[in-house]
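Analysis of the macromolecular model
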Amino acid sequence: MSFSIGLSGLRATNEQLDVISQNIANVDTSGFKSGRAEFSAIYSGGLPGGVEVAEVTSNFDRDGSVINTGRSMDMAISGRGFFVLNNNGETAYTRAGTFNRDASNYIVSNNGARLQGYPVDSSGALLDGVVTDLQVATGTLQASESSLVNFAANLKADSAVPVTAFNTTAITPDMYNYSQSSTVYDSLGTEHVLTQYFVKDGTNANEWHAYYFIDGTDLNPAPTTPSHTLQFNSDGSITAGTAGPITINHTLSNGATNLAIDLSLNDMTQNSADFSLSRNETDGYGAGELKNIRVDDDGSVYGVYTNGQDMLQGKVVLADFANPNGLSQGDNTTWTQTFASGAPMLGVPDSGTLGSLSSGAYEGSNVDLTGELVNLMTAQRNYQANAKTISAAEQMTQVLFSSF
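Everything numeric here is computed off the predicted structure, so don't read it as measured data. (Residues numbered from 1 in each chain as written. Predicted model: local features only at pLDDT ≥ 70, side-chain atom pairs only at ≥ 80, totals over all residues. Heavy atoms only, no water.)

1. Considerations on the nonpolar core
Membership of the largest hydrophobic core comes to 25 residues, with the highest contact counts inside it found for Phe 151, Phe 198, Tyr 212, Leu 230, Leu 263, Leu 265 and Met 268. Put simply, the parts of the chain that give this core at least two residues each are strand 11 (148-156), strand 12 (178-185), strand 13 (191-200), strand 14 (207-214), strand 17 (246-250) and strand 18 (259-264). Formed by 23 residues, the second largest nonpolar core is a distinct cluster that contains Ile 77, Leu 290, Val 301 and Tyr 305. (Core = buried A, V, L, I, M, F, W, Y, C linked by side-chain atoms within 4.5 Å. Buried < 20%, exposed > 50% of the residue type's maximum accessible area, 1.4 Å probe, protein only. Helix = DSSP H or I, 4+ residues; strand = E, 2+ residues; numbered from the N terminus.)

2. Some details on the pairing of strand 11
For strand 11 and strand 18, the ladder comprises three bridges, and the chain directions are parallel. Bridged to Val 149 within strand 18 is Leu 263. Both strand 11 and strand 20 (residues 276-282) contribute to a ladder of six bridges, which runs antiparallel. Bridge pairing links Asn 154 to Ser 276 in strand 20. Looking at chain direction, strand 11 and strand 19 (residues 269-271) are connected through three bridges and run parallel. If you follow Lys 156 over to strand 19, its bridge partner there is Asn 271. (Pairing = 2+ DSSP bridges.)

3. Details of the environment of Phe 339
Here Phe 339 lies in the loop between strand 26 (334-336) and strand 27 (345-347). For Phe 339, a relative accessible area of 86% gives the class exposed. Residues Phe 339 and Gly 326, spaced 13 residues apart in sequence, show a C-alpha to C-alpha distance of 7.6 Å.

4. Observations regarding the side chain of His 209
Relative to the helices and strands, His 209 is located in strand 14. There is a polar contact of 2.7 Å between the side chain of His 209 and the side chain of Asp 201. At a separation of 3.3 Å, a polar atom in the side chain of His 209 contacts the side chain of Thr 229. In contact with His 209, other than residues within four places in its own chain, are Tyr 197, Phe 198, Val 199, Asp 201, Pro 226, His 228 and Thr 229. (Polar contact = N/O pair within 3.5 Å; in protein donor to acceptor, adjacent residues only side chain to side chain. Contact = heavy atoms within 4.5 Å.)

5. Some points on the packing of aromatic side chains
Enumeration over the complete set of coordinates arrives at 13 aromatic pairs. Both rings, one in Phe 60 and one in Trp 335, keep their centres 5.1 Å apart while their planes meet at 65 degrees; by these two values the pair is edge-to-face. With Phe 60 in the loop between strand 2 (47-58) and strand 3 (66-68) and Trp 335 in strand 26, this residue pair connects regions lying 275 residues apart in the sequence. Classification of Trp 335 as buried rests on a relative accessible area of 2%. For the pair Phe 83 and Phe 99, a centre-to-centre distance of 5.2 Å together with 80 degrees between the ring planes defines the contact as edge-to-face. Here Phe 99 lies in the loop between strand 6 (90-94) and strand 7 (100-101) and Phe 83 lies in strand 5 (residues 82-87), a separation of 16 residues in the sequence. (Phe/Tyr/Trp six-rings, centres within 6.5 Å; stacked < 30°, edge-to-face > 60°.)

6. Section: the environment of Pro 162
As for its position among the elements, Pro 162 is in the loop between strand 11 and strand 12. The exposure class of Pro 162 is buried, given its relative accessible area of 16%. As a C-alpha pair, Pro 162 and Met 175 span 13 residues in sequence and 5.4 Å in three-dimensional space. Once residues lying within four places of it in the same chain are set aside, the contact partners of Pro 162 are Asp 174, Met 175, Tyr 176, Asn 177, Val 199 and Lys 200.

7. A word on the pattern of salt bridges
In total, this model carries 13 salt bridges according to the counting rule given. Among the ionic pairs, Arg 114 bridges to Asp 133, the shortest N-O distance being 3.3 Å. Of the two residues, Arg 114 sits in strand 9 (residues 114-118) while Asp 133 sits in strand 10 (residues 132-133), which places them 19 residues apart along the sequence. With a relative accessible area of 27%, Arg 114 lands in the partly exposed category. Among the residues examined, Asp 133 registers a relative accessible area of 17% and is labelled buried. Linking Arg 279 and Asp 267 is a salt bridge whose minimum nitrogen-to-oxygen distance equals 2.7 Å. Of this pair, Arg 279 sits in strand 20 while Asp 267 sits in the loop between strand 18 and strand 19, and the two are 12 residues apart along the sequence. (Salt bridge = Lys/Arg side-chain N within 4 Å of Asp/Glu carboxyl O.)

Spelled out as structure tokens, the structure:
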């Protein structure tokens, strides 16, 4: 009996050494969870029969260190949860957050499994009831024509009246006090320049005249007649009746829809400070090509385009399990669902029991190297001790047989 008990100890310790060696070997593996051999005693008919490894469990309670990389598609989970992958039709779960784009612009893990999440419809609205492979659209982002310009500036109250009357046929610097340009876009994405000239009125100290041009084309009713007159209150705020929005129409000959832009001047002021521009915003943009991908901490995946626009491409989902240790180990960093693990509970990061997400970083291994080296020495002593019991049993047997 001593032989079999000692032999079971050698086998169990050898399995424990395998687990410790696996932990040490993967100390730098992204998303790796350290394992631990769980032992149980063997009895037969109430008599001791040795030891065996009942199971090897993974430590899901301890997060690995978050390693910042600056890569836009790296993601790290802090807390509970797994990324969901489509591995050739089989659903797998992982903590390894290093992702890339494949040739078809699917977001994939290092082994080519596709990251799962909520997609968007043709209008860019999130479909949060559907989970599918996340794919980034590669086509050109269609241009959006400008329909609104929010413009705000301070016109210096004590500005001198220009010495020369404004005449749109031949503009010279002595005809106006200030000028400012805004970039607007037509339906084809072509840029146009909207220029405003501000002229101090010579008879009313709280009144300014504005002249508008698009691409140098005069939009004023007559060469000497302003497009619009701005009036200010005694406290420097613009009077409601002159704040706009003022509709600016311009006919185009390039095949695009004619421009119709509302110019809002609600925050214009007139005080003693120098001329300063505080807002010059337009809602349009030109066409753009996909340049990069950005993932926000809420899991939202955006395509970043050359025209400076972002477009939502989908949202990463995470999965949690009632019993993560019931998952079946695939490779070092992926697991699959089993009856023991229970069904996955899906959701967006930082909701319910799910942990938070950090973009531009990945989760490293949670192996405690110092602890594993101590475990290695302990396992080595256990192995030697079990070998000693076998050696002692052999010596006793030899003594027994030599006595006959």
